[in-house]
Amino acid sequence: MKYKLLATAMLALSLAAPGIQAQTAPAGAATPAANAVNPASIQALKDMGTHLQSLKRFKVSTTLTGERVLADGQKLQHSAAADIEVARPNMLRARMFSSRAEREIFYDGKQATLFIPAQKYYSTVDFTGNLGELVSKLEERYGVEIPLADLFLWGTPAAPLDKISSAMNAGQDFIGTDLCDHYAFRQGDFDWQIWITTGAKPLPRKLVITNRTDDARPQSVSLIEWNLKPAFKDSIFKFTPPKGATAVELRSLDKK
Amino acid sequence: MKKSFTKLFLIPLAMIAVISFSMVPVADARPGGGGGGGGGGGARAHAGGAPKANNGNRDVRTNNVRSTSTNNVNANRNTNINANKNVNVNVNNNRGGCCGGGWDNDYHPVATAVAVTAAVGVTAAVVGSMVNTVPAGCVPVNYGGYIYQQCGGTWYQPQGGQYVIINPPY
């Protein structure tokens, strides 16, 4: 008898369950559409972009953890680090470190050079333009990515904010000892999060990008350290081939 | 300021610790011999001073990468053709099968699992295998921001102090 009651009760529950779901689902689906893009979060990006573009000379360092997805979906993490020295509008030097290689990029406003110190190979191309253009063109033409490329694009038309389909404030968090506002965005196939220092001079301190095109969702995490009073001189941006260095053609992507 | 110096000093140390822990045999060859690994701020893995990562013991499965993470949200991301460039490097050959394009990307898709198996038995140039030196007469080529050695039809990618044989990047 008891069993029969229990069975009846369970049957009733299982019958009722779909009804409950059917009732709640439309309400749940409607909520995000109402205010998917939080205007204050977009404004925070704008403010940060404006501040970034106003910085004339700075040094920024980053440590990155990236992920590779293997054939069966298992993920491997890897580490890399980079130092970037910048003098706007058109000088940049980046040093990139990974287990595979150390590489350097020099840009003095006239020429861009990629240098591999271990083998003393270098490739130089003529280029004029600001740092946003440098970042975009190097990537487009040669597949060369400058670390923290977004730093040079936020606050410019190359970082259109209307492509963001979802924006939210995720509260506050400390990165190191810096109090930061934490925002989360959805932009095309990528979900990304940024931690921006609070106050009148907003700087990004952490960036997380989740690639949604693979269901394993490989993610990169970049921590960002700032030095707004760097000691470097403009001469560091000019590349002079060291003794015994070999020039190598930089092959463009479209030249197959 | 003091704080950030300490951090800058700690980060590379931590990285070196991670690298030496994960890449089991850290290369024996330590150019310059001795010298004590970087005292001050220059502890980052500078060519010449620091040990080089050795990937000789790496499992072949680690070569079969189907996709990678992405490092920036804006560069070319919103414009059509390159939108998937970092994705599915083996299938979606927007880069001619080359690198994912990330500045951190020290990985080259050497082959799919099938190709690796197929190539075993060809002793000359097994894609995915590691060598210490490249043959004479190779030509360096800078593609996608990395320099490869092209030796006839065989391509080598520098990997720490060694080379791995890869599929042609383009």
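Residues numbered from 1 in each chain as written. Chains lettered and ligands numbered in written order. Predicted model: local features only at pLDDT ≥ 70, side-chain atom pairs only at ≥ 80, totals over all residues. Heavy atoms only, no water.

Trainee: How should the packing of aromatic side chains be read in this particular structure?
Mentor: One pair of aromatic rings is described through two measures. These are the centre distance and the angle between the planes. Residues and elements named next belong to chain A. Scanning all chains against the criterion turns up ten aromatic pairs over all chains. On the numbers, 5.1 Å between centres and 50° between planes, the contact of Y122 with F239 is tilted. Here Y122 is found in strand 6 (residues 121–126), whereas its partner F239 is found in the loop between strand 11 (219–227) and strand 12 (246–247), with 117 residues between them in sequence. For the residue pair Y122 and F239, the accessibility class agrees, reading buried in each case. Here a set of aromatic residues connected by ring pairs shows up, and it is made of F106, F115, Y122 and F239. (Phe/Tyr/Trp six-rings, centres within 6.5 Å; stacked < 30°, edge-to-face > 60°. Helix = DSSP H or I, 4+ residues; strand = E, 2+ residues; numbered from the N terminus. Buried < 20%, exposed > 50% of the residue type's maximum accessible area, 1.4 Å probe, protein only.)

Trainee: Would you explain the interface of chain A and chain B in this entry?
Mentor: How big an interface is tends to be stated in terms of the accessible area lost upon association of its parts. Contacts between the two partners involve 75 residues from chain A and, on the opposite side, 58 residues from chain B. Between chain A and chain B, roughly 5900 Å² of surface is buried when both sides are summed, and carbon and sulfur atoms account for 54% of that area. For the chain A face of the interface with chain B, the top three residues by lost area are R68(A), R100(A) and E145(A), together amounting to 15%. For the interface between chain A and chain B, the tally reads two salt bridges. For R66(B), the salt bridge goes to D215(A), with nearest N and O atoms at 3.2 Å. Here chain A and chain B share 25 residue pairs in polar contact (both at pLDDT 80 or more) between them. Element by element, the count of residues in the side of chain A that touches chain B is highest for strand 1 (residues 57–70) of chain A, at nine residues. In terms of residue class, the side of chain A that touches chain B is made up of 34 nonpolar, 21 polar and 20 charged. Here two bridges tie strand 13 (residues 250–251) of chain A to strand 3 (residues 139–143) of chain B, and the two strands are oriented parallel to one another. Across the sheet, residue R251(A) finds its bridge partner in strand 3 of chain B, namely Y143(B). (Contact = heavy atoms within 4.5 Å. Buried area = accessible area lost by both parts, 1.4 Å probe. Salt bridge = Lys/Arg side-chain N within 4 Å of Asp/Glu carboxyl O. Polar contact = N/O pair within 3.5 Å; in protein donor to acceptor, adjacent residues only side chain to side chain. Nonpolar A, V, L, I, M, F, W, Y, C, P; charged D, E, K, R; others polar. Pairing = 2+ DSSP bridges.)

Trainee: Teacher, can you tell me more about the sheet that holds strand 4 (residues 146–151) of chain B here?
Mentor: Paired through their backbone hydrogen bonds, the strands of a sheet run either parallel or antiparallel. Across the sheet, six strands lie side by side as 13(A)-3(B)-4(B)-5(B)-6(B)-2(B); this open sheet has mixed pairing. The two strands at the open ends of the sheet, each matched to only one other strand, are strand 13 of chain A together with strand 2 (130–131) of chain B. Note: strand 4 of chain B against strand 5 (residues 154–159) of chain B, three bridges, orientation antiparallel. Residue pairing for strand 5 of chain B: C151(B) is matched across the bridge by T154(B).

Trainee: Just checking my understanding: could you explain the environment of L153(A) for this structure?
Mentor: All names here are of chain A. Within the fold, L153 resides in the loop between helix 3 (131–142) and strand 7 (164–175). On the basis of relative accessibility, which here comes to 1%, the residue L153 falls in the buried class. Distance from L153 to Q53, taken between C-alpha atoms, is 8.6 Å for residues 100 residues apart in sequence.

Trainee: I keep staring at the pattern of salt bridges and nothing clicks. Help me out?
Mentor: Where charged atoms from two side chains of opposite charge come close, those side chains can pair. Residues and elements named next belong to chain A. Summed over the entire model, instances satisfying the criterion amount to eleven salt bridges over all chains. The partner of D191 in a salt bridge is R186, with the nearest N and O atoms 2.6 Å apart. The exposure class of D191 is buried, given its relative accessible area of 15%. Several salt bridges share partner residues, and in doing so they unite R186, D191 and R212 into one network.

Trainee: I'm lost on the pairing of strand 9 (residues 190–197) of chain A in this one. Help?
Mentor: A regular strand places its side chains on the two faces of the sheet in alternate fashion. Residues and elements named next belong to chain A. Along strand 9, seven of the eight residues are buried, which leaves the element largely enclosed by surrounding structure. The pairing of strand 8 (residues 178–187) with strand 9 spans eight bridges and is classified as antiparallel. Across the sheet, the residue bridging to R186 is D191, located in strand 9. Relative to strand 10 (residues 204–211), strand 9 runs antiparallel, the two being bridged by seven bridges. The residue of strand 10 that forms the bridge with W195 is K206. Linkage of strand 9 to strand 10, two consecutive antiparallel strands, is achieved through a turn of six residues, within which G199 is found at a positive phi near 105°.

Trainee: I'm lost on the side chain of D214(A) in this one. Help?
Mentor: Secondary-structure assignment places D214(A) in the loop between strand 10 and strand 11. Take D214(A): its relative accessible area is 6%, and that puts it in the buried class. At a separation of 2.7 Å, a polar atom in the side chain of D214(A) contacts the side chain of R66(B).

Trainee: Would you take a moment to explain the side chain of N72(B) for this structure?
Mentor: By the element assignment, N72(B) lies in the loop between strand 1 (65–68) and helix 2 (113–119). Judged by relative accessible area, N72(B) falls into the buried class, the value being 1%. At a separation of 2.5 Å, a polar atom in the side chain of N72(B) contacts the side chain of E145(A).

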